[in-house]
Amino acid sequence: MREFDYERAHDVTGAVALLGADPDARYLGGGTNLVDLMKSGVERPARLVDVRELPLDRVEFTRNDGLRIGATVTNSDLAAHPDVRRHYPALTQAVLAGASGQLRNMATVGGNLLQRTRCGYFTDLAKPCNKRVPGSGCPAVEGEHHNHAILGASAHCVATHPSDMAVALTAFDAVISYETADGPGKLPLAEFYLPVGDTPHLETALPPGALITGVTLPAAPVAARSRYRKVRERASYAFAIGSIAAALDVHDGVVREVRLAFGAVASRPWRARAAERALTGGPASAEAFAAAADAELEAARTLPHNGYKVPLMRNLVVAMLTELTEEAAR
Amino acid sequence: MAPTTSSATTSTSSTITLHVNGEKYTLPVDHRTTLLDALRERLDLTGTKKGCDQGQCGACTVLLDGRRAVSCLQLAVAAEGREITTIEGVADGERLHPVQQAFLDLDGYQCGYCTPGQICSALAVIEEHAAGWPSAVTADVRPEAGVPQLTPEEIRERMSGNLCRCGAYVSIVQAVARAAQSSDTRSSDTRSSETKEAAA
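Residues numbered from 1 in each chain as written. Chains lettered and ligands numbered in written order. Predicted model: local features only at pLDDT ≥ 70, side-chain atom pairs only at ≥ 80, totals over all residues.

### Considerations on the overall build of chain B
Okay, so step 1: Of the regular secondary structure elements, chain B holds six helices and five strands.
Okay, so step 2: Going from N to C terminus, chain B has its helices and strands arranged as β-β-α-β-β-β-α-α-α-α-α.
Okay, so step 3: A total of 200 residues make up chain B; the buried ones form 51% of that total.
Okay, so step 4: Taking as baseline every contact in chain B between residues at least 6 positions apart, the subset at least 24 positions apart corresponds to 60%. (Helix = DSSP H or I, 4+ residues; strand = E, 2+ residues; numbered from the N terminus. Buried ≥ 20, exposed ≤ 12 C-beta atoms within 10 Å, placed from the backbone. Contact = placed C-beta atoms within 7 Å.)

Here is the structure:
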């Protein structure tokens, strides 16, 4: 590991000033991803600015304004918060589906959003990787890719975004707040993660040196009827091979409002807007759910070993929406 | 609290004070030092074990401010100012903590290497459950649904961050269940003040 300077920030302005414009500096939150990547040499910061003690550790809910989550709120505290469990249950389920109890206690909301892909080539310094070394190539396209992207990928990178939390946030129209030396800014989560294209090393639209300060979820009554489901290769403590956040408002058998987001199928949490459009105003039936999934997955481009994700996601859409419909009828 | 440049011998090391099991230890550390290595190599608290050293096995689990964490991904310098509890701080002198006693009585281990991490994790599982936290297998996470029973399924999910390569899981689940059942009667128990705060 490269030697590094360490400074602890106590307020947001101070943190941003400490990091400055230094490309070799990183903010340190819980460290569950960054410290791991520093050990493996993927990340080699010369300076860490510890932001864990910043006063950004509150979760606040109002019926008019929705949910405000501070960037240093731990994953555990977010999942356990009564207002999150009551008004955005899929968010609690998504967070609890990720990592382990120990890691959720350490990991912050801001860091969760910025965690890096778990593609094995990205973390293996002996292999090329366009995300780690631009222009070096992507061995996953012809190599080990059974858990790689089927939507929005490119020939340059087929890695997936590993967060469960971000999938639920995407379904709920989250807005990311950040601070820079030039003042604060906001980014809808839909614009937060950049398209892969030929620049997979550029992952977010955050300005250089920006510090995430919080996440806002607008008030959305439909979110109270939401669920998250994760499919993985063992029962617990593993990254998803496919996941879904869904919220549904059904009245007299007609879909009034629906939210759908997919995880582990793209370089970012994937909002299934084509499926939402196909469903809204139509019947809440298994046939309609399957047709909507097909509308979304029409854009899927599979590789030899990840084609299973298309029927997997189709089945998840049908199963989740069917469950939510039955729940609404009770 | 925070390490200052005035106490740093270089910009890549600092003299820090760690609060471990109620004791204060002041030591210079290279910033690259993990809490795990500081505990084992510098403070001679070797009860905390190094397994994978990448946050995947849970052998290095300790309590930070009463909450379980993997010490291999925690930088020592960033742990300054926090209350650290290791397996050495769990018992009350010669009197074992009920979680330790349950692991002993029910053979919740084979080789024992993962056991300190299992026990620290189990302490926190019981506190988290008592605080009403749901888990990934909780059917209804809404607060109105109440606290889920600490069933074997719930225990397996909540303990999934601790691997046991001997495969003593059946006994581990039984030990955690027994310790959780007895936790109501631990009015004069030996829990550290930090873990009590976690339940508050």
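### Structural notes on the interface of chain A and chain B
Where interface size is quoted, it is often the accessible area lost as the parts come together.
Okay, so step 1: In this assembly, 31 residues from chain A lie in contact with 35 residues from chain B.
Okay, so step 2: For the side of chain A that touches chain B, the elements supplying multiple residues, two or more each, are strand 1 (5-8), helix 2 (34-40), helix 4 (82-87), helix 5 (89-97) and helix 6 (101-106) of chain A.
Okay, so step 3: Taken together, the residues of the side of chain A that touches chain B break down into 13 nonpolar, nine polar and nine charged. (Nonpolar A, V, L, I, M, F, W, Y, C, P; charged D, E, K, R; others polar.)

### Observations concerning the pairing of strand 7 (residues 183-188) of chain A
All names here are of chain A.
Okay, so step 1: Where strand 6 (residues 175-180) meets strand 7, six bridges bridge the pair, whose relative direction is antiparallel. Bridging across to strand 7, Y178 finds its partner in G185.
Okay, so step 2: In this structure, the hairpin formed by strand 6 and strand 7 is closed by a connection of two residues. (Pairing = 2+ DSSP bridges.)

### Details of the sheet that holds strand 1 of chain A
All names here are of chain A.
Okay, so step 1: Read across the open sheet, the three strands follow the order 1-3-2; overall the sheet is parallel. At either end of the open sheet lies a strand with only one pairing partner, and these are strand 1 and strand 2 (25-28). Strand-to-strand twist in this sheet, taken as the mean axis angle between neighbours without regard to direction, amounts to 20°.
Okay, so step 2: Of the strand pairs in this sheet, strand 2 and strand 3 (residues 47-50) are connected by four bridges, and their pairing is parallel. By the bridge assignment, R26 is partnered in strand 3 with L48. (Axes fitted to C-alpha atoms, helices over the stretch in contact; angles between N-to-C directions.)

### Structural notes on the environment of A:R225
Okay, so step 1: Tracing the chain through its elements places A:R225 in the loop between strand 8 (211-217) and strand 9 (226-231).
Okay, so step 2: Along the backbone, A:R225 and A:E327 are 102 residues apart, and their C-alpha atoms lie at a distance of 8.6 Å.

### So, the UniProt feature "domain: FAD-binding PCMH-type" (unreviewed entry) in chain A
Okay, so step 1: When the UniProt feature table is mapped to this numbering, "domain: FAD-binding PCMH-type" (unreviewed entry) covers residues 1-222 of chain A.
Okay, so step 2: Regarding residues 1-222 of chain A, the helix share stands at 27% and the strand share at 18%, and the terminal C-alpha atoms are separated by 47 Å. (UniProt positions renumbered as here; feature names shortened; annotations may be inferred.)

### Points about the domain arrangement of chain B
Residue and element names in this part refer to chain B.
Okay, so step 1: Domain annotation of chain B identifies domain 1 (5-87) and domain 2 (98-187).
Okay, so step 2: Using C-alpha coordinates to define each centre, domain 1 is positioned 24 Å away from domain 2.
Okay, so step 3: Counting from both sides, the interface comprises 14 residues of domain 1 and, opposite them, 12 residues of domain 2.
Okay, so step 4: Listing elements by their share of the side of domain 1 that touches domain 2, those giving two or more residues are strand 3 (61-64) and strand 4 (67-70).
Okay, so step 5: With three residues, strand 3 is the single largest residue contributor to the side of domain 1 that touches domain 2.
Okay, so step 6: Of the residues assigned to the side of domain 1 that touches domain 2, the class counts are six nonpolar, five polar and three charged. (Domains from an automatic or database assignment.)

### Overview of the nonpolar core
Okay, so step 1: Counting 163 residues, the largest nonpolar core has A:A15, A:A94, A:A168, A:A245, A:V317 and B:V176 as the members making the most contacts within it.
Okay, so step 2: The dominant element in this core, judged by the number of residues it contributes, is helix 12 (residues 309-329) of chain A, at eight residues.
Okay, so step 3: Residue assignment places this core across two domains, with domain 1 (5-87) and domain 2 (98-187) of chain B each supplying three or more.
Okay, so step 4: The contacts of A:A15, once residues within four sequence positions are left out, are A:A9, A:Y27, A:V49, A:V51, A:L54 and A:L211. (Core = buried A, V, L, I, M, F, W, Y, C linked by C-beta atoms within 7 Å.)

### Concerning the packing of helix 2 (residues 98-105) of chain B against helix 3 (residues 115-130) of chain B
Residues and elements named next belong to chain B.
Okay, so step 1: At a minimum axis distance of 9 Å, the contact between helix 2 and helix 3 shows a crossing angle of 130°. On the basis of their axis angle, the class for helix 2 and helix 3 is oblique. As for the relative orientation of helix 2 and helix 3, their crossing is right-handed in sense. When helix 2 is examined against helix 3, the residues V99, Q100 and F103 are found in contact with a partner set consisting of T115, I119, A122 and L123.
Okay, so step 2: Broken down by class, the residue content of the contact of helix 2 with helix 3 amounts to five nonpolar, two polar and no charged. (Parallel < 35°, antiparallel > 145°, perpendicular 65-115°, else oblique. Left-handed = near helix turned anticlockwise from the far one by under 90°.)

### Things to note about the confidence of the model for chain B
Residue and element names in this part refer to chain B.
Okay, so step 1: Overall, the prediction assigns chain B a mean pLDDT of 90, with 86% of residues at 70 or greater.
Okay, so step 2: Counting contacts from residues 1-8, a segment whose pLDDT is below 50, to residues more than four positions away or on other chains yields 15 contacts.
Okay, so step 3: Complex prediction metrics read pTM 0.95 and ipTM 0.97. (pLDDT = per-residue confidence, 0-100.)

### So, the packing of helix 11 (residues 286-297) of chain A against helix 12 of chain A
Residues and elements named next belong to chain A.
Okay, so step 1: Following both chains from N to C, one finds helix 11 and helix 12 inclined at 140°, their axes separated by 9 Å at the closest point. Crossing of helix 11 against helix 12: the hand is right-handed. Residue-level contacts link A286, F289, A290, A292, A293, D294 and L297 of helix 11 to V310, M313, R314, V317, V318, L321 and T322 of helix 12.
Okay, so step 2: Here the residues of the contact of helix 11 with helix 12 sort into 11 nonpolar, one polar and two charged.

### A look at helix 1 (residues 35-42) of chain B
Two residues of an α-helix separated by three or four positions point the same way, owing to the 3.6 residues in each turn.
Residue and element names in this part refer to chain B.
Okay, so step 1: Of all the residues in helix 1, the buried ones are L35, L36, D37, A38 and L39.
Okay, so step 2: Buried positions along helix 1 lie against strand 1 (13-20) and strand 2 (23-30).
Okay, so step 3: Among the residues trailing helix 1, D44 stands out with phi positive, at a value near 60°.

### With respect to unusual backbone geometry
Residues and elements named next belong to chain B.
Okay, so step 1: Even without a glycine there, the phi angle at N21 is positive, about 50°.
Okay, so step 2: By the secondary structure assignment, N21 is in the loop between strand 1 and strand 2.
Okay, so step 3: If you check the backbone angles, D53 has positive phi at about 65° while not being a glycine.
Okay, so step 4: Here D53 lies in the loop between helix 1 and strand 3.

### Here we look at the sheet that holds strand 5 (residues 66-70) of chain A
Residue and element names in this part refer to chain A.
Okay, so step 1: Ordered by their spatial adjacency, five strands build an open sheet running 4-5-8-6-7, and the pairing between neighbours is antiparallel. In the strand order of this sheet, the two ends are held by strand 4 (59-62) and strand 7, each with one partner. Neighbour-to-neighbour, the strand axes of the sheet open up by a mean angle of 20°, direction not taken into account.
Okay, so step 2: Here strand 5 pairs with strand 8 via four bridges, running antiparallel. The residue bridging L67 from the neighbouring strand is L217, located in strand 8.
Okay, so step 3: Those strands touched by helix 1 (residues 12-19) are strand 6 and strand 8, and its axis lies near 135° from that of strand 8.

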